[in-house]
Amino acid sequence: MLLRWILTLIQVNSIQTAPPSAWKKSEARSHRQLGLAGRDPFRESYSPVSKSQDPYREGYQSLIAPTSSTSSSTESDADSTGTIATALTTGGGVEETPAPTVVSVSSTSEGISTATMAPSVSSSNIFGAPIATSAPHPSFEVRKDHPVARRGISGPTPIGTNKFYANFFLGNQSQPTYVHPYSLVWSRNQGAASSWGLAVSHIDATRIVYGDKSNETGAAKYFLSPVGVQSLCLSATELGSQTHLTTDNLSQQSVNVNLHANSSGNPLITFPLVQGMGFVTAVYKGATPVISTAIFFKTITKSIKGPKQGVIKYTMYLEDGTVWHVYAYSAKGDPFDLTVVNNKMAKAEKPFDGIVQVAKDPGNAEATIDAASGAYPVNVTLSGSVSGSKGMYSFAFSKAGFSNVKLLMYALPHHVDSFDDATKKNISTAKLQTTTKGVAVGVVADSWTMVEPQLPVSMGFAPWDPVDGEKKTLQDSAIKTITTVAIQETAQDVSQQSDQNSMYFSGKALAKFAGICFTANDLLKNTTLAQTGLKNLKAAFSRFSSNKQQFPLYYETAWGGLVSSATYQTGNDGADFGNTFYNDHHFHYGYFIFAAAVIGYLDPSWLTKDNVDYVNALVRDIANPSPLDKYFPVSRNFDWYHGHSWAHGLYETADGKDQESSSEDAMHAYAIKMWGKTIKDANMEARGNLKLAILARSLNRYYLYTDDNKVQPSEFVSNRVAGILFENKCDHTTYFGANIEYVQGIHMLPLLPSTKLTRPADFVKQEWATYFDKNRTDHIDGGWKGILYGNLATVDPKSAWDFFTRKDFDCQWLDGGASLTWYLAYSAAFM
């Protein structure tokens with residue numbers, strides 16, 4: 001039988017905007033690679049200074065009057081709009097054109113002994129202990145090299161490859177980093193500011209750029225924030241053409257960025273960057289501060305009396321209507337007197353040892369910003385605990401500067417929604433728009449605690465509902481129908497189907513057969529059939545646990561992780577969707593972890609040390625919880641600040657990290673939960689449960705949209721899904737095509753017990769009514785057809801059952817990671 005189970009060829013053989021030979025290595029973003037639709041410039045609005053920000057109010061000394069400048073700078077030099085992407089290459093890079101200038105439980109079945117699945121007790125801090133501290137299994141060949149060099153990184157491995165700060169050590173180090181709500185970029189003397197420092201930018205909601213409207217829904221096809229807007233640049237007179245940028249203290253939510261006068265000198269300025277920071281802080285070490293702008297200063301005022309003792313304050317009013325506050329403090333007592341050179345530059349008179357902080361004024365929070373000045377975050381400690389079905393996680397911010405000053409940190413909507421009572425009390429009036437996560441709210445506190453009150457602790461391998469729990473009993477008539485199909489699918493060659501040159505497709509095949517084995521054993525009560533399938537599945541899995549697949553995994557020490565050997569052996573940067581470059585690891589390895597969880601559940605004797613160590617190595621690669629594990633970075637994929645994962649690895653890109661398949665993100669969390677449950681690692685199971693609960697919250701704000709979504713722009717919500725969510729934009733498309741079944745379906749697969757948690761009924765119904773009802777699925781073919789109806793089973797199981805039991809059902813309607821056995825069992829469980 002032909003391999004009809006493979007995901008439709010359209011997904012594998014992408015349409016290309018340029019032949020592969022034309023791609024630059026830096027553009028080899030092969031995460032289901034395809035150039036995205038072209039961009040058209042969109043005129044932006046002008047934001048005038050509000051009355052509450054009167055530059056002439058009492059207590060301020062004007063340094064620049066709001067009159068025409070007589071400096072050598074000309075109006076045509078100003079750049080207040082930045083650039084917008086006109087095309088997304090396979091490498092995630094952009095072709096840029098200027099934007100327009102703007103004037104203004106235990107289960108035992110006979111025949112197979114299943115592992116005990118009773119809940120176990122987790123630690124007081126589920127992130128406290130590592131999964132393991134030993135080197136990965138000897139079957140993984142160790143490589144000391146990697147195709148991507150570590151540029152400017154000071155410190156040992158492991159290094160987070162999918163973190164927000166990666167652009168600072170990739171490519172030419174001059175693409176933006178998004179800390180939310182601010183973005184920063186090393187100017188490198190580019191742009192109208194002509195600075196060698198870091199440029200700070202923030203884009204208001206009025207300046208968001210929208211794509212053309214969909215003919216079908218009227219929704220904008222994308223939205224993004226312009227890049228290249230140099231609102232303020234923090235630099236020093238000592239920096240010039242030999243400036244060297246390094247990073248150190250790289251952790252999961254923070255990094256230090258250092259600017260040196262040359263490659264051999266000590267840092268002159270250090271920028272401690274922490275996600276959500278309320279100020280951009282520059283620590284000067286004997287350098288002479290320079291503050292410049294590409295937008296033009298309209299007025300600069302100096303506070304006659306600073307906000308607190310020793311702190312000097314300036315307020316800079318820019319020609320685009322924005323207002324920025326600048327604070328300086330020196331423990332040595334160094335003066336900080338700015339001289340305005342022209343309407344693009346102000347500089348200090350002397351070298352400075354101390355901190356300079358900038359913050360944008362949202363219009364009604366100057367007192368809050370003043371009070372928080374002088375302190376800044378340098379690191380974040382994540383902790384968490386689980387009690388029954390209630391989970392809690394906390395960010396404890398390490399800080400420097402004034403120890404008696406509470407930090408101003410910006411929280412995203414999903415944080416605010418889950419704050420405990422104590423954290424809620426610290427919410428301030430400060431609010432700033434983010435690029436793709438709605439409005440961030442300022443919180444004045446040195447720690448936050450978030451609560452998830454309904455963890456999916458009762459979820460196992462069987463179909464599951466958030467209200468009704470597990471569904472493990474099927475009607476006899478359904479069992480009879482499904483058994484006939486299960487016998488046919490069990491007879492398929494799992495070894496052949498999983499013997500591929502892709503960890504992604506191999507993992508999907510193994511997961512497919514794992515689902516069939518579970519269904520046969522627990523739902524169909526056919527232990528003989530399950531045992532037959534399990535024997536074949538274990539044999540197929542052994543090819544990978546012994547690392548003898550077509551492209552074995554390497555453990556590479558340059559970054560610290562398990563990567564496909566495909567790029568090493570072929571020279572193809574995009575092999576296996578960029579696995580060697582750390583793309584999509586949680587997708588790829590998540591399928592293996594799920595398959596292993598099922599195998600270990602059905603046959604506890606399979607849980608040998610070698611097998612457990614192999615699977616744990618995959619978990620450690622994508623979801624290491626502790627810095628005590630020196631072989632893998634902490635939480636490579638899941639971003640605990642954003643509440644979801646990033647799939648984008650070691651590729652430089654102007655729009656930051658991105659992720660396409662939100663449902664495969666949920667799959668990796670579910671797989672970790674179930675593997676932890678199978679091996680009785682209570683902390684791992686608890687982390688999986690907590691991730692799933694957080695994902696259910698965050699995905700339904702940022703990825704999946706019902707009519708009442710108030711987080712994403714109303715112009716975009718009718719798309720129902722994000723498509724590809726970047727740090728800086730949402731694009732309603734995929735890397736492999738723009739067919740609606742691709743764009744919506746990539747957020748549906750695979751169908752799992754967790755699907756009803758992360759894709760609520762209201763959303764599924766609205767999405768179906770928008771795109772697929774009234775027989776609009778008739779023209780859809782290939783594996784996507786089955787994916788759509790598997791999704792429908794979550795809200796209309798009878799219609800899904802009728803589809804999957806059609807007499808003319810075509811096996812080509814099954815994706816490579818899906819079985820008809822599971823689709824039928826899932827549908828029947830809810831009928």
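Residues numbered from 1 in each chain as written. Predicted model: local features only at pLDDT ≥ 70, side-chain atom pairs only at ≥ 80, totals over all residues. Heavy atoms only, no water.

## Digging into the confidence of the model for the protein
A low pLDDT score tells you not to read the predicted coordinates there in detail.
Then step 1. Here the protein shows a mean pLDDT of 88. Residues at 70 or above account for 86%.
Then step 2. The element-level mean pLDDT for the protein is lowest in helix H1 (residues 9-12), coming to 29, with strand E24 (residues 408-411) highest at 99.
Then step 3. Low confidence marks residues 1-62, where pLDDT is under 50. Its contacts with residues over four positions away, or in another chain, come to 181 contacts.
Then step 4. Confidence over residues 83-111 falls short of pLDDT 50; this stretch has 96 contacts with residues more than four positions distant or in other chains. (pLDDT = per-residue confidence, 0-100. Helix = DSSP H or I, 4+ residues; strand = E, 2+ residues; numbered from the N terminus. Contact = heavy atoms within 4.5 Å.)

## Here we look at empty space enclosed by the protein
Then step 1. Of the pockets and cavities examined, the largest cavity occupies roughly 230 Å³.
Then step 2. What lines the largest cavity is a set of 20 residues, and nearest its centre among them are Phe 594, Leu 751, Leu 752, Gly 817 and Trp 822.
Then step 3. For the lining of the largest cavity, the secondary structure elements donating two or more residues are helix H7 (503-523), helix H10 (585-602) and helix H20 (820-829).
Then step 4. Here the lining of the largest cavity gets four residues from one element, more than from any other, and that element is H7.
Then step 5. Looking at the lining of the largest cavity residue by residue, the class counts come to 15 nonpolar, three polar and two charged.
Then step 6. Taken as a whole, the second largest cavity holds about 120 Å³ of empty space.
Then step 7. As for the second largest cavity, its lining consists of 16 residues, of which Ala 623, Pro 625, Trp 640, Arg 687 and Lys 691 are closest to the centre.
Then step 8. The set of elements that each furnish at least two residues to the lining of the second largest cavity consists of helix H11 (609-623) and helix H13 (682-702).
Then step 9. Per-element tally for the lining of the second largest cavity: the top contributor is H13, with four residues.
Then step 10. Grouping the constituent residues of the lining of the second largest cavity by class yields ten nonpolar, four polar and two charged. (1 Å grid on protein atoms, 1.4 Å probe; cavity = no way out; pocket = protein on both sides within 12 Å on 5 of 7 lines; lining within 4 Å. Points joined across faces, edges and corners; volume = space filled by probe spheres on them. Nonpolar A, V, L, I, M, F, W, Y, C, P; charged D, E, K, R; others polar.)

## Here we look at the nonpolar core
Then step 1. Counting residues in each nonpolar core, the largest one holds 229 residues, and the members touching the most others are Phe 169, Phe 271, Phe 395, Trp 448, Phe 541 and Trp 675.
Then step 2. Element by element, the count of residues in this core is highest for H10, at 13 residues.
Then step 3. If you look at the next biggest cluster of nonpolar residues, it comprises six residues, including Val 185, Ala 193, Cys 233 and Ala 294. (Core = buried A, V, L, I, M, F, W, Y, C linked by side-chain atoms within 4.5 Å. Buried < 20%, exposed > 50% of the residue type's maximum accessible area, 1.4 Å probe, protein only.)

## Quick look at the pairing of strand E27 (residues 447-452)
Then step 1. Burial runs high along E27: five of the six residues are buried.
Then step 2. Relative to E27, strand E23 (residues 390-401) runs antiparallel, the two sharing six bridges. Across the sheet, residue Ala 396 finds its bridge partner in E27, namely Ser 447. (Pairing = 2+ DSSP bridges.)

## Overview of the packing of helix H12 (residues 662-678) against H13
Then step 1. Between H12 and H13, whose axes approach to 7 Å, the crossing angle comes to 160 degrees. Regarding the angle of H12 to H13, the classification is roughly antiparallel. Between H12 and H13 the crossing geometry is left-handed. Facing H12, whose interface residues are Ser 662, Asp 665, Ala 666, His 668, Ala 669, Tyr 670, Ile 672, Lys 673, Trp 675, Gly 676 and Lys 677, H13 presents Met 684, Glu 685, Gly 688, Asn 689, Lys 691, Leu 692, Leu 695 and Leu 699.
Then step 2. Taken together, the residues of the contact of H12 with H13 sort by class into nine nonpolar, five polar and five charged. (Axes fitted to C-alpha atoms, helices over the stretch in contact; angles between N-to-C directions. Parallel < 35°, antiparallel > 145°, perpendicular 65-115°, else oblique. Left-handed = near helix turned anticlockwise from the far one by under 90°.)

## Points about the sheet that holds strand E25 (residues 427-433)
What links the strands of a sheet is backbone hydrogen bonding, and the strands pair in either a parallel or an antiparallel sense.
Then step 1. In space, the three strands of this open sheet follow the order E24-E26-E25, with antiparallel pairing throughout. Looking at the sheet topology across the chains shown, the edges are occupied by E24 and E25. Averaged over all adjacent pairs, the angle separating strand axes in this sheet is 35 degrees, with direction ignored.
Then step 2. Summarising the sheet, E24 and strand E26 (residues 439-444) pair through four bridges and their orientation is antiparallel. Bridge pairing in E26 links Tyr 410 to Gly 442.

## Things to note about the sheet that holds strand E34 (residues 658-659)
Then step 1. Strand order across the open sheet formed by five strands is E8-E9-E36-E35-E34, with antiparallel pairing between neighbours. Looking at which strands have only one partner, the edges of the open sheet turn out to be strand E8 (209-210) and E34.
Then step 2. Here strand E9 (residues 222-224) runs beside strand E36 (residues 729-731); their pairing, made up of three bridges, is antiparallel. If you follow Tyr 222 over to E36, its bridge partner there is Asp 731.

## A few points about the pairing of strand E17 (residues 312-318)
Then step 1. For E17, the buried fraction is high: six of the seven residues fall into the buried class.
Then step 2. The sheet contact formed by strand E16 (residues 297-303) and E17 spans five bridges and is antiparallel. Directly across from Thr 299, in E17, lies its bridge partner Tyr 317.
Then step 3. As defined by bridge partners, E17 adjoins strand E18 (residues 323-329) across six bridges and the pair is classed as antiparallel. From the neighbouring strand, Ile 312 faces E18, where its bridge partner is Ala 328.
Then step 4. Where E17 folds back on E18, the antiparallel hairpin that results is connected by four residues, among which Gly 321 adopts a positive phi of roughly 90 degrees.

## Quick look at the side chain of Glu 452
Then step 1. Considering the arrangement of structural elements, one finds Glu 452 in strand E27.
Then step 2. The class for Glu 452 is buried, based on a relative accessible area of 4%.
Then step 3. At 2.8 Å, the side chain of Glu 452 forms a polar contact with the side chain of Arg 697.
Then step 4. Each residue touching Glu 452, except ones within four places of it in the same chain, is listed here: Ser 389, Lys 390, Gly 391, Ser 418, Leu 690, Ala 693, Ile 694 and Arg 697. (Polar contact = N/O pair within 3.5 Å; in protein donor to acceptor, adjacent residues only side chain to side chain.)

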